[in-house]
Amino acid sequence: MPYFLFDAMMFLITWLLHTLFATSGLGGGIILVPTYVSLGIALPIAVTSGLVMNIISLSLVTGHNYRHRIVRWNLGTVFLVPAIAMTPLGEMATSIIPRSYVLVIFIALLVYAFYHVILKRSEKHREKIVGKITIILAVPIGLIAGFLSGLSGIGGGLIILPALTFMEDDYRKIAGTTGYVALFISISSFIFHIGYVPDIPIFLWTIVISGSALGGVSASYFLHILGSRKISIFTSAVILILIGILIHSLI
């Protein structure tokens, strides 16, 4: 394949997939990293490129969400601080705990999230759960999210998203808050992983940064024009795609 066609394909894949996943508050690294590896890019470079893309696209989306007030900053920060603290420990445990175990946990959480997004609990029931889980479980969930994120190389948004479906009915705020947390977990992971890349691939990063930036702008547009119900349907579709990807990774 000619180089210019390969580069164009990389740009289009990055743009489209980041638009899809960033609209739901998730980075596209979970699907783009294995895609890049399948195209012949070395794993350390693919992982750091995925983190760069998450940082760019989620920064743009979070800036948009800030202006439109669809981020629960206090709640997100309760998840975020312990998650960042635990990410390095998860990265150090990669040689001890099999990655397949982590993927099984992610699949179970995403199946729950899909169930909860489609069959939303009543407002009364949600308020009872929020009062208990926000105070008691938000910090442990953040610790688990950070540890599993560092362990698997997959963004902590996969843990935060299911948890937030317990605490919030507005799916725009679920996506916005998940994106805020996933952004800073990606930054933390990038700082750790960049040390494993001997030579920074400037040209590759130029392509993926451009594609992820355009994906972030596109995702911001969709978050602005779509209502909460449509975002919930969109998020459900993304969750199903993620479940399929993770199951395929186990086979």
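Since we're looking at a predicted model, the values are computed, not measured.

Quick look at the overall build of the protein chain now. Per the secondary structure count, the protein chain includes eleven helices and zero strands. When the helices and strands of the protein chain are read in sequence order from the N terminus, they spell out α-α-α-α-α-α-α-α-α-α-α. Among the 251 residues that make up the protein chain, the fraction classed as buried is 51%. Accessible surface, the protein chain as shown: approximately 11500 Å² in total, 73% of it carbon and sulfur.

Now for a nonpolar patch on the surface. Residues Leu-60, Leu-214 and Val-217 make up a contiguous nonpolar surface patch of roughly 220 Å² in combined accessible area. Of note, Val-217 is situated in helix H10 (residues 202-225).

Along the polypeptide, Ile-55 turns up in helix H3 (residues 43-67). Owing to a relative accessible area of 17%, Ile-55 belongs among the buried residues under this scheme. Between the C-alpha atom of Ile-55 and that of Ile-209, which follows or precedes it by 154 residues, the distance is 9.2 Å. When near neighbours in sequence (up to four residues on either side) are disregarded, Ile-55 contacts Leu-183, Ser-186, Ile-187 and Phe-190.

It is worth spelling out the packing of aromatic side chains at this point. Using the criterion set out here, one finds five aromatic pairs in the structure. Measuring from centroid to centroid gives 6.4 Å for Phe-11 and Trp-15, while their planes differ by 40°, and the two rings are tilted. In this pair, Phe-11 and Trp-15 are both assigned in helix H1 (residues 3-23), four residues apart and thus about one turn of the helix distant. Pairwise contacts between aromatic rings join Tyr-66, Trp-73, Tyr-180 and Phe-184 into one cluster.

Take the environment of Ile-243 next. If you trace the backbone, Ile-243 turns up in helix H11 (residues 228-250). Of the residues examined, Ile-243 reaches a relative accessible area of 11% and is grouped as buried. A C-alpha to C-alpha distance of 6.7 Å links Ile-243 and Leu-110, two positions 133 residues apart in sequence. Residue contacts for Ile-243: discarding those within four places in its chain leaves Leu-110 and Val-111.

So, about the nonpolar core. The biggest cluster of nonpolar side chains holds 63 residues, and the ones touching the most others in it are Tyr-36, Phe-79, Leu-110, Ile-160, Leu-164 and Val-181. The contact partners of Tyr-36, leaving out residues within four places of it in the chain, are Met-10, Thr-14, Ile-41, Ala-46, Ser-49, Met-53 and Val-208.

This brings us to the packing of H3 against helix H9 (residues 171-193). Interhelical geometry of H3 versus H9 gives an angle of 145° and a closest axis separation of 8 Å. Regarding H3 and H9, the two cross each other, and that crossing is left-handed. Counted together, Val-47, Thr-48, Leu-51, Val-52, Asn-54, Ile-55, Leu-58, Ser-59, Thr-62 and Asn-65 of H3 and Gly-176, Gly-179, Tyr-180, Ala-182, Leu-183, Ser-186, Ile-187, Ser-189, Phe-190 and His-193 of H9 form the full contact between these two elements. Of the residues in the contact of H3 with H9, the class split is ten nonpolar, ten polar and no charged.

In this structure, Thr-19 sits in helix H1. Of the residues examined, Thr-19 reaches a relative accessible area of 10% and is grouped as buried. A distance of 2.8 Å separates a polar atom in the side chain of Thr-19 from the backbone oxygen of Trp-15.

Time to look at the confidence of the model for the protein chain. Per-residue pLDDT for the protein chain has a mean of 76; in total, 82% of the residues score no lower than 70. Of all helices and strands in the protein chain, the one with the weakest mean pLDDT is helix H6 (residues 123-136) (54), whereas helix H4 (residues 73-92) scores best (86). Predicted confidence is poor over residues 121-125, with pLDDT under 50, and the contacts of this stretch with residues over four places away or in other chains come to six contacts.

Attention now goes to the packing of helix H8 (residues 157-167) against H9. In helix packing, the relevant descriptors are the interaxial angle and the interaxial distance, both defined with respect to the helix axes. The N-to-C vectors of H8 and H9 enclose an angle of 150°; their axes lie 9 Å apart at closest approach. One element, H8, and the other, H9, form an angle in the roughly antiparallel class. In the crossing of H8 with H9, the sense of the turn from one axis to the other is right-handed. Residues Gly-157, Ile-160, Leu-161, Leu-164 and Thr-165 of H8 form the contact with H9, whose own contacting residues are Ile-174, Thr-177, Thr-178, Val-181 and Ala-182. Class assignment for the residues of the contact of H8 with H9 results in six nonpolar, four polar and no charged.

Rules used in this analysis
- Residues numbered from 1 in each chain as written.
- Predicted model: local features only at pLDDT ≥ 70, side-chain atom pairs only at ≥ 80, totals over all residues.
- Heavy atoms only, no water.
- Helix = DSSP H or I, 4+ residues; strand = E, 2+ residues; numbered from the N terminus.
- Buried < 20%, exposed > 50% of the residue type's maximum accessible area, 1.4 Å probe, protein only.
- Areas by Shrake-Rupley, 256 points an atom, 1.4 Å probe, with all protein chains shown as cover.
- Patch = residues over 30% accessible without salt bridge, like charges linked within 9 Å, V, L, I, M, F, W, Y side chains within 5 Å.
- Salt bridge = Lys/Arg side-chain N within 4 Å of Asp/Glu carboxyl O.
- Contact = heavy atoms within 4.5 Å.
- Phe/Tyr/Trp six-rings, centres within 6.5 Å; stacked < 30°, edge-to-face > 60°.
- Core = buried A, V, L, I, M, F, W, Y, C linked by side-chain atoms within 4.5 Å.
- Axes fitted to C-alpha atoms, helices over the stretch in contact; angles between N-to-C directions.
- Left-handed = near helix turned anticlockwise from the far one by under 90°.
- Nonpolar A, V, L, I, M, F, W, Y, C, P; charged D, E, K, R; others polar.
- Polar contact = N/O pair within 3.5 Å; in protein donor to acceptor, adjacent residues only side chain to side chain.
- pLDDT = per-residue confidence, 0-100.
- Parallel < 35°, antiparallel > 145°, perpendicular 65-115°, else oblique.

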